[in-house]
Structures are given as C-alpha cells and as structure tokens.
Amino acid sequence: MSTVRSNPQTVEFRGVGGITLVADEWNRAAGAADRPSILMLHGGGQNRFSWKNTGQILADDGFHVVALDSRGHGDSDRAPDADYDVETMTADVMRVLDAIGRPVALIGASMGGLTGILAAHRAGPDRVTRLVLVDVVPRFEKNGSARIRDFMVSGIDGFESLEQAADAVAAYLPYRTRPRSPEGLKKNLRLRDGRWYWHWDPAFMTKPGDDPELRTEKFEEAATSLEIPILLIRGKLSDVVSPEGVQHFLTQVPGAEFVELSNAGHTAAGDDNDAFSQAVVAFVER
C-alpha cells in the first residue's frame, strides 16, 4: 500500500449537449502505465460521495480515480429537457472516457452498473479493461426495484428536518446501523425554503422510460459480448439481485467472477465498505 495520502479534487467534464458533469478525482498525475484509471458510477438517486471511502482506498493504493456525479445527480447539471435515458447517460460516460484519455476500469452500482455495461461494450477492451458490477444484473428483481422507486418518490417533496430524512433511510435500510448523527446526510440533501430535498432532479423519476423488456435484452446482449474481466458483487441482503439472477448472469457471462457480501444489501458499498473495498482492490490490482 502507498503511504502517500491523496485528497480528491473537484473537477468538471462535459457531457452530451454541453452539460456539466462534476466529479471527484484523486491522483491525476499518478497511475502507473500498467494500471488502468478507475471511473466510478453511482446508482440512481445517489451521488459521487457514495464512493468516498472506496475511492480514497484505491487512491491511497496509487490508482488514478474519478468518482462521477451522473447528469441530474449531485452537483452535475440537471438535464434541461429531462433526458435521463440510459443511452444519453452512456454517451456522457463515453465523453468522460475520452477526457480521461487512458485505459479505464469501470465500477458501477445499480444504474451506474447498467450504464457501465453499455459503455464497456461501446468503448471496447482497449479503453475499458475491467468492469465491476455492484448489486446489479440485467435481469433484476422488479419488487426490489419498485421498493427503490417508492423510497425515492416518497422524498420528492422534501423533509422537515435531517432527522426525518434519517428516519426514511432507516426504514428503507433496516439492516444498516443507523449513524448517531444525521449530519452525514447533508452530502445527499440540500436545504431550500426550510425543507431538505434529495440532491437529484425529481424529473429523473417522473419522466416515462422505454420498454423494460427491450432494455433488459439490450443490457444482456452488451454484457455477453464483453471479453474483459468482470466482477459481480452482490449484497446477500439485496432484494434487487436474487441468487437466481446471479446464476443466470454467470451462465450468460461465464467468465465473470462473483463475490457475495454477507452483511450488505443493494447499497453494498455503504453497507459493508471494508469488505466491498477489499473485493474491489483485489480485483483491480490483478
């Protein structure tokens, strides 16, 4: 492990239509020639801070790391036409890959993992050399997905206090130890007119999407075409990725590796960050 600690810098990229995408970046000047840069893509309704601990661990190990806020999330621009289609988000990632300008290992959670599958397929193995999927497969569980949606929609009108927001998170993630203070939620909320709102564009949830079945086929076709090392990480408590979904994915993508985290659910990186980071570091260091 490197003993030189690198703090992240806030940087900007340009997405489709000139939209500003904000990211945290560690070790821009570092990154050995035989190691890829690492681009981290969060899940829907989250932001780059969900990768803070793992990003720091990878950076302290000498990797060049970029944790991106997807369009409409965190400090990145909201799409003026509410264009949050997976194709557009993938095109944003392609532009970030162009800007990084060297081989990249993609780490994507949930929405970010699905986007990562498409980006890896389009970029090719010389540009995206590895892929880590965090509790996501093309055939995910509809009930678990609906529970995420219900949680996100329930907070669209904001909260009276940080404590109220913390109550909502605790109800959604009952297995996770509740922090003593809700202050950490300020990374995910913004205070407007006396209420706390999640830091993502509500239009992300309210605009109609494309046909889910066609989307599943698109993700599966892209995943099966990949010839790079792939690691699937599942939270054992997840209701979004089932054991059957994992088995189907490993049948479709037989070269993929699989790790299950016993103390984590769908939000695996935050549920058991030590075990998650250990699995990621072992995979990308190889």
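Naming follows an unreviewed UniProt entry, where the protein appears as Peroxidase of Mycobacterium parmense.

### Focus on the domain arrangement of the protein
By a frequent convention, interface size equals the accessible area lost on bringing the separate parts together. Here the protein is partitioned into domain 1 (9-141 + 211-285) and domain 2 (145-198). For domain 1 versus domain 2, the distance between C-alpha centres works out to 23 Å. Each partner contributes residues to the interface: domain 1 has 15 residues there, and domain 2 has ten residues. Summing both partners gives a buried area of about 1,000 Å² for domain 1 against domain 2, and 50% of it is carried by carbon and sulfur. At the surface where domain 1 touches domain 2, the tally comes to three salt bridges. Across the pair Arg 147 and Asp 239 runs a salt bridge whose closest N-O atoms are separated by 2.7 Å. Applying the counting criterion to the domain 1 and domain 2 interface returns eight residue pairs in polar contact (both at pLDDT 80 or more). Taken together, the residues that form the side of domain 1 that touches domain 2 break down as four nonpolar, seven polar and four charged.

### Examining the packing of aromatic side chains
Aromatic rings considered in pairs are described by the distance between their centres and by the relative angle of their planes. Overall, the coordinates contain five aromatic pairs when judged by the stated rule. Taking 5.5 Å as the distance between ring centres and 80° as the angle between the ring planes, the aromatic pair formed by Phe 159 and Trp 198 counts as edge-to-face. Here Phe 159, found in the loop between helix H4 (142-154) and helix H5 (162-172), pairs with Trp 198, found in strand E8 (residues 195-198); they are 39 residues apart in sequence, far enough to count as distant. For the pair shown, Phe 159 and Trp 198 are each scored as buried. An aromatic cluster is present here, built from Phe 151, Phe 159, Tyr 172 and Trp 198 joined pairwise through their rings. Taking the ring centre of Phe 63 as reference, the NZ or CZ of Arg 35 above it sits at 4.0 Å. In this arrangement the basic side chain of Arg 130 is found over the ring face of Phe 283, its NZ or CZ atom lying 5.1 Å from the centre.

### Things to note about unusual backbone geometry
A positive phi angle, close to 50°, is found at Asp 135, a residue other than glycine. Relative to the helices and strands, Asp 135 resides in the loop between strand E6 (128-134) and H4. Asp 135 sits in the buried class, given a relative accessible area of 0%. Here the phi dihedral of Asp 193 falls at roughly 50°; this positive angle occurs in a residue that is not glycine. Along the chain, Asp 193 falls in the loop between strand E7 (189-192) and E8.

### A look at the nonpolar core
Buried together is how nonpolar side chains tend to be arranged in soluble globular proteins. In terms of nonpolar packing, the biggest core is built from 65 residues, with Phe 13, Leu 39, Ile 230 and Phe 249 touching the most fellow members. Residue contributions to this core reach at least three from each of two domains, namely domain 1 (9-141 + 211-285) and domain 2 (145-198). Core analysis: the second largest hydrophobic core is formed by 26 residues, Ala 67, Ile 107, Ala 109 and Phe 283 among them.

### Brief notes about the packing of H4 against H5
For the pair H4 and H5, interaxial distance at closest approach is 11 Å and the crossing angle is 170°. Comparing their axes, H5 and H4 come out roughly antiparallel. Contacts from Arg 147, Ile 148 and Phe 151 in H4 reach Ala 168, Val 169 and Tyr 172 in H5. Broken down by class, the residue content of the contact of H4 with H5 amounts to five nonpolar, no polar and one charged.

Cut-offs and rules
- Residues numbered from 1 in each chain as written.
- Predicted model: local features only at pLDDT ≥ 70, side-chain atom pairs only at ≥ 80, totals over all residues.
- Heavy atoms only, no water.
- Domains from an automatic or database assignment.
- Contact = heavy atoms within 4.5 Å.
- Buried area = accessible area lost by both parts, 1.4 Å probe.
- Salt bridge = Lys/Arg side-chain N within 4 Å of Asp/Glu carboxyl O.
- Polar contact = N/O pair within 3.5 Å; in protein donor to acceptor, adjacent residues only side chain to side chain.
- Nonpolar A, V, L, I, M, F, W, Y, C, P; charged D, E, K, R; others polar.
- Phe/Tyr/Trp six-rings, centres within 6.5 Å; stacked < 30°, edge-to-face > 60°.
- Helix = DSSP H or I, 4+ residues; strand = E, 2+ residues; numbered from the N terminus.
- Buried < 20%, exposed > 50% of the residue type's maximum accessible area, 1.4 Å probe, protein only.
- Lys NZ or Arg CZ within 6 Å of the ring centre and 35° of its normal.
- Core = buried A, V, L, I, M, F, W, Y, C linked by side-chain atoms within 4.5 Å.
- Axes fitted to C-alpha atoms, helices over the stretch in contact; angles between N-to-C directions.
- Parallel < 35°, antiparallel > 145°, perpendicular 65-115°, else oblique.

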